[in-house]
Amino acid sequence: MKKILYIHDYPLMEGGGVEIQTYNDSVALTKAGFTVSIISSRKSSETRTDTRHTYPFTTADGVTLDICASTDSMTNSIIDADIVHIHATYSMRPAMMSAMKICNQIQKKYFVTLHTNSSHIPFSRLADMPLLEKDIILDDFKRYLSSDLCTIVGVSQSIQASLSDIGITKECCVIYNAKDWNSFFEYENTQISKVDVTYIGEISWMKGMHTLISAITILIEQKPDLKVRIIGNGQDKKQVIALVQALGLETHIEFIEYTENKYVYAYLQNTSLLVQPSLSESWGNIVMEALAAKTAVVVSKTEGLVELVEDGKIGDLFEKGNAADLAKKIQDRLDNPLSTAESDRVSAYITNKYSMQNRLEQMKKLYLAQ
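The rules behind the values
- Residues numbered from 1 in each chain as written.
- Predicted model: local features only at pLDDT ≥ 70, side-chain atom pairs only at ≥ 80, totals over all residues.
- Heavy atoms only, no water.
- Pairing = 2+ DSSP bridges.
- Helix = DSSP H or I, 4+ residues; strand = E, 2+ residues; numbered from the N terminus.
- Contact = heavy atoms within 4.5 Å.
- Axes fitted to C-alpha atoms, helices over the stretch in contact; angles between N-to-C directions.
- 1 Å grid on protein atoms, 1.4 Å probe; cavity = no way out; pocket = protein on both sides within 12 Å on 5 of 7 lines; lining within 4 Å.
- Points joined across faces, edges and corners; volume = space filled by probe spheres on them.
- Nonpolar A, V, L, I, M, F, W, Y, C, P; charged D, E, K, R; others polar.

J.: What am I meant to see in the sheet that holds strand 4 (residues 64-67) here?
T.: Sheet strands pair via backbone hydrogen bonds, and the direction of the pair is either parallel or antiparallel. Reading across the sheet, the 8 strands line up as 3-4-2-1-5-6-7-8 and stay open at both edges, with mixed pairing between neighbours. Either end of the sheet is taken by a strand with one partner, and the two such strands are strand 3 (57-58) and strand 8 (173-174). Here 2 bridges tie strand 7 (residues 150-154) to strand 8, and the two strands are oriented parallel to one another. Opposite Gly154, over in strand 8, you have Val174 as the bridge partner. Against the sheet, helix 1 (residues 17-31) makes contact with strand 1 (3-8), strand 2 (35-40), strand 4 and strand 5 (83-88), and its axis sits at roughly 175° relative to strand 1, the strand it touches most. Helix 2 (residues 71-80) contacts strand 1, strand 2 and strand 5 of the sheet and is inclined by roughly 145° relative to strand 1.

Here it is, written out as structure tokens:
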């Protein structure tokens, strides 16, 4: 029975895409006979703070979770593991950087899944650093990814182009994010009111909130009864709410706090379409979930989102940052909803292609080949 150690810098079970996908992977691997532990440098992020658990903690699914207190404890965990898998973003936070450094010091092979693209850097914690400090961290990051000990995994094909942007020519293996769809479809809530447009995710300028708000101001001229729901938390939420208030859009836009992933399906069932206006997005779990839930999507032409909606074949694309184009695409889709047959076709396609079983087989093949 192989011991797998996952390492990242975010809350351990819930939060953004990294956290949710990593935990779901851990559950699937545990059921497949692996022993899985996740360690993180923190239990708070821009989107969520975990206050429910004292660590270390073993979940009902058999996954062990812990907050890493020191490099010594991380080193011991890495030495004890058969497989070390680091979940990384271009924020280059302490746990992921330390884990790669330790693996190189002790000459242990490791996997790194990149969950963001280099376009994320201007919106990350690196953006506020002095240039020299940022360059030092980026140089370390590139050196660790280029190491012969490292196998790079991408969540979409866009990751390969992103690696080239920072001067890394090494090939990466793509394993798409996925879900246990039976579990995802379990929760329904008939008490949720229906709206026209929903956004679910981090509330930040990187996610294109300014584009969405601008598009809404255009749309209400043609559709004065437009209802929009924005779900989530984030570093720019206060400013986004202030902008909505300054523009007098409070009657059109409802803000809801972060909701656990198991409740997302219910919200997707009660909206005409989901919008994802990101300026940087390596994949977009919420878009994948919306398509599976038979909800139409309008997404920006950026990186993994284009790949996910297959260049507009199974979702509508708008020019990134272009509020007028976003407003037009939303209006067109509201006026021309997808047929039941088309929604059913897309849902079946998504749930088959991005099933947890497919992902699990790819991960097992990757790990057992080490």
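On we go from here.
J.: Is there a simple way to explain the sheet that holds strand 14 (residues 316-318) in this structure?
T.: Spatially, the 6 strands line up as an open sheet ordered 11-10-9-12-13-14, and their pairing is parallel. Both outer strands of the open sheet, strand 11 (253-256) and strand 14, are each paired with one neighbouring strand and no more. Neighbour to neighbour, the strand axes of the sheet diverge by 25° on average, direction disregarded. Together, strand 9 (195-200), strand 12 (271-276) and strand 13 (296-300) form the strand contacts of helix 10 (residues 285-292), whose direction differs from that of strand 12 by roughly 155°.

J.: It is not clear to me how empty space enclosed by the protein should be interpreted in this structure. Could you clarify?
T.: Empty pockets left among the atoms are what a rolling probe the size of a water molecule brings to light. One pass over the structure, following the stated rule, counts 2 cavities of 30 Å³ or more. Considering only enclosed or pocket space, the largest cavity measures out at about 40 Å³ in volume. In this structure, the largest cavity is lined by His85, His87, Thr113, Val153, Ile175, Arg359 and Met363. Only strand 5 and helix 14 (356-368) provide two or more residues apiece to the lining of the largest cavity. When its volume is computed, the second largest cavity comes out at roughly 40 Å³. Within the residue set of the lining of the second largest cavity, elements represented by two or more residues are strand 13 and helix 13 (340-353). When its residues are assigned to classes, the lining of the second largest cavity shows 6 nonpolar, 2 polar and 1 charged.

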